Amino acid sequence: MDRIQQLEGFHRHLLGNGYSETASKNYRFRVSTFLKRRPEALGAGEDEARRIVEGYISELPRNTASTIPAAAVRRWWTYRFGKPYRERIVPSELRPDAAIDAEPAEFGKYLSIHGNIKPVTIRNRIASIKLFLHAVFPDGTFERRAITLHDFAGCHTAAATAEGASMRALQGSDLRSYIRFLRWKGMECVPLDAVSLNGPARREHTVPGRLSEEDFEALLASCDSGTVRGARDAAMALCMGMLGLRACDVANLALDDISWADGTIAVRGSKGRTGRVLPLGGRTGAALERYATMRGKAEGTRSLFLSTAGTPMRSHQVQTAEL
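Conventions used here
- Residues numbered from 1 in each chain as written.
- Predicted model: local features only at pLDDT ≥ 70, side-chain atom pairs only at ≥ 80, totals over all residues.
- Heavy atoms only, no water.
- Helix = DSSP H or I, 4+ residues; strand = E, 2+ residues; numbered from the N terminus.
- Contact = heavy atoms within 4.5 Å.
- Areas by Shrake-Rupley, 256 points an atom, 1.4 Å probe, with all protein chains shown as cover.
- Expected span 1.5 Å × (residues − 1).
- Buried < 20%, exposed > 50% of the residue type's maximum accessible area, 1.4 Å probe, protein only.
- Core = buried A, V, L, I, M, F, W, Y, C linked by side-chain atoms within 4.5 Å.
- Salt bridge = Lys/Arg side-chain N within 4 Å of Asp/Glu carboxyl O.
- Phe/Tyr/Trp six-rings, centres within 6.5 Å; stacked < 30°, edge-to-face > 60°.
- Lys NZ or Arg CZ within 6 Å of the ring centre and 35° of its normal.
- Axes fitted to C-alpha atoms, helices over the stretch in contact; angles between N-to-C directions.
- Parallel < 35°, antiparallel > 145°, perpendicular 65-115°, else oblique.
- Left-handed = near helix turned anticlockwise from the far one by under 90°.
- Nonpolar A, V, L, I, M, F, W, Y, C, P; charged D, E, K, R; others polar.
- Pairing = 2+ DSSP bridges.

(A) Summary view of the overall build of the chain. Each helix and strand in the chain was counted, giving 13 helices and three strands. Partitioning the contacts of the chain with sequence separation of at least 6, the portion at a separation of at least 24 is 59%. Surface accessibility of the chain: about 17200 Å² in total, with carbon and sulfur atoms responsible for 52%.

Following this line, the structure appears as structure tokens:
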């Protein structure tokens, strides 16, 4: 079977197993690239093909972008030999990176409880963070508190030099999720704005994908916290900058979404159409408490943030207030 026939059979195999036409074409393209670079895989036996696949995957860049081509060539191996592709198990005492394995596993448990995302997204996110940790700790001597702001920024910047905006946005989402996990574990030293989503180009009137720490502090300083409007704008900015909420998430917040006793806030009806509970942090919690106290009671609405006219804030109003 030549390369074209194999690719066509692989494409039909994916469609028959529930993959969409777009995903099937993407996987076919990735495998086509693999077979052009490693043509010897076409006629290789099972064990030899596995070694070729493993060698190819080991050469891929250690960032989120590598998960798609890696998944594609593993799926090709499964199609070719009619059995699930399984990673070779190496005894833990021979693996210098064994200590790193526990962190992605714990991160996965966190996502399962607090992430409210699909299992396939959790698997991809775990794989992405595992690659990130191996890049930060190449010798396997993992220490959570040794991770720095520079590690996140450097990893995301390195990926940006070779990947498109959509892939960069995907990696940014994975890294921000891991930062939330670290903050949940008590590490406050890495702010959420260390990594921007910075995906496809945004319209000029929208909020920039990322502000530097100095610009963010300048934005907060520009809010007159002695007024209701200023206290509101500062609280909204902290929700977006420290908790990573979108403008629509902020606009949808209700006063009873805040658990003052637990120091958490519930985000409902977000992009994934599922809710999640986030730790507030001292600074954000104090800003929300200040605004809620100054705002007082508002009859006839559950909304937390109100316009100067007393109506619930909308997404575009949140964005305008932050500019």
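Now, onward.
(B) Main features of helix α3 (residues 46–58). Given a rise of 1.5 Å per residue, 13 residues ought to cover 18 Å, and the 18 Å separating the end C-alpha atoms of α3 matches this to within 8%. For α3, the complete set of buried residues consists of A49, R50, I52, V53, E54, Y56 and I57.

(C) View of the nonpolar core. C239, L245, V250, I265, L288, F305 and V318 are the most contacted members of the largest nonpolar core, which has 30 residues in total. Looking at which element gives the most residues to this core, the answer is helix α10 (residues 228–243), with nine residues. Leaving out residues up to four positions away in the same chain, L245 has contacts with C239, M240, V250, L253, V267, R276 and L278.

(D) Structural view of the pattern of salt bridges. Within this structure, the stated rule accounts for 13 salt bridges. The shortest N-O distance in the salt bridge between E106 and K185 comes to 2.3 Å. Within this pair, whereas E106 is found in helix α5 (residues 98–115), its partner K185 is found in the loop between α8 (165–184) and α9 (213–221), the two being separated by 79 residues in sequence. By relative accessible area, K185 is classed as partly exposed at 31%. In this structure, the salt-bridge partner of D174 is R125, at a minimum N-O distance of 3.0 Å. Of this pair, D174 sits in helix α8 while R125 sits in helix α6 (residues 119–136), placing them 49 residues apart in sequence.

(E) Quick look at the packing of aromatic side chains. Going through the model one piece at a time under the given rule, you end up with 16 aromatic pairs. A ring pair is formed by F10 and Y79, whose centres lie 5.9 Å apart and whose planes are at 55°; its orientation type is tilted. Of the two residues, F10 is situated in helix α1 (residues 3–16) and Y79 in helix α4 (residues 67–81); the sequence distance between them amounts to 69 residues. With a centroid separation of 6.2 Å and 40° between ring planes, the pair formed by F152 and Y178 is classed as tilted. Taken as a pair, F152 in helix α7 (residues 149–160) and Y178 in helix α8 lie far apart in primary sequence, 26 residues in all. By relative accessible area, F152 is classed as buried at 0%. Aromatic ring contacts, followed pair by pair, group F107, Y110, F132, F152, Y178, F181 and W184 into a single cluster. The ring of W77 has R50 sitting right over it, with the charged end atom 4.7 Å from the ring centre.

(F) Just the packing of α1 against helix α2 (residues 21–37), in detail. At a minimum axis separation of 9 Å, α1 and α2 run at an interaxial angle of 150°. Comparing their axes, α2 and α1 come out roughly antiparallel. In this structure, α1 crosses over α2, and the sense of that crossing is right-handed. For the pair α1 and α2, contact is made by R3, L7, E8, F10, H11, L14 and L15 and by E21, S24, K25, Y27, R28, V31, S32, L35 and K36, respectively. Residue composition of the contact of α1 with α2, grouped by class: seven nonpolar, three polar and six charged.

(G) A look at the pairing of strand β2 (residues 264–267). Burial along β2 is two-sided: the face carrying T264 and A266 and the face carrying I265 and V267 are both buried. Counted between consecutive antiparallel strands, the loop separating strand β1 (residues 258–259) from β2 contains four residues, among which G263 sits at a positive phi close to 70°. In terms of strand pairing, β2 meets strand β3 (residues 276–279) through four bridges, oriented antiparallel. Bridging across to β3, T264 finds its partner in P279.

(H) A look at the packing of α2 against α3. α3 packs onto α2 with a crossing angle of 105° between their chain directions and a minimal axis gap of 11 Å. By the angle between their axes, α2 is roughly perpendicular relative to α3. Between α2 and α3, the residues in contact are T33, F34 and R37 and I52, V53 and Y56, respectively. Here the residues of the contact of α2 with α3 sort into four nonpolar, one polar and one charged.

(I) Spotlight on the sheet that holds β2. Sheet architecture is open: three strands sit in the order β1-β2-β3, paired in antiparallel fashion. On the outer flanks of this sheet lie β1 and β3, each paired with one strand and no other.

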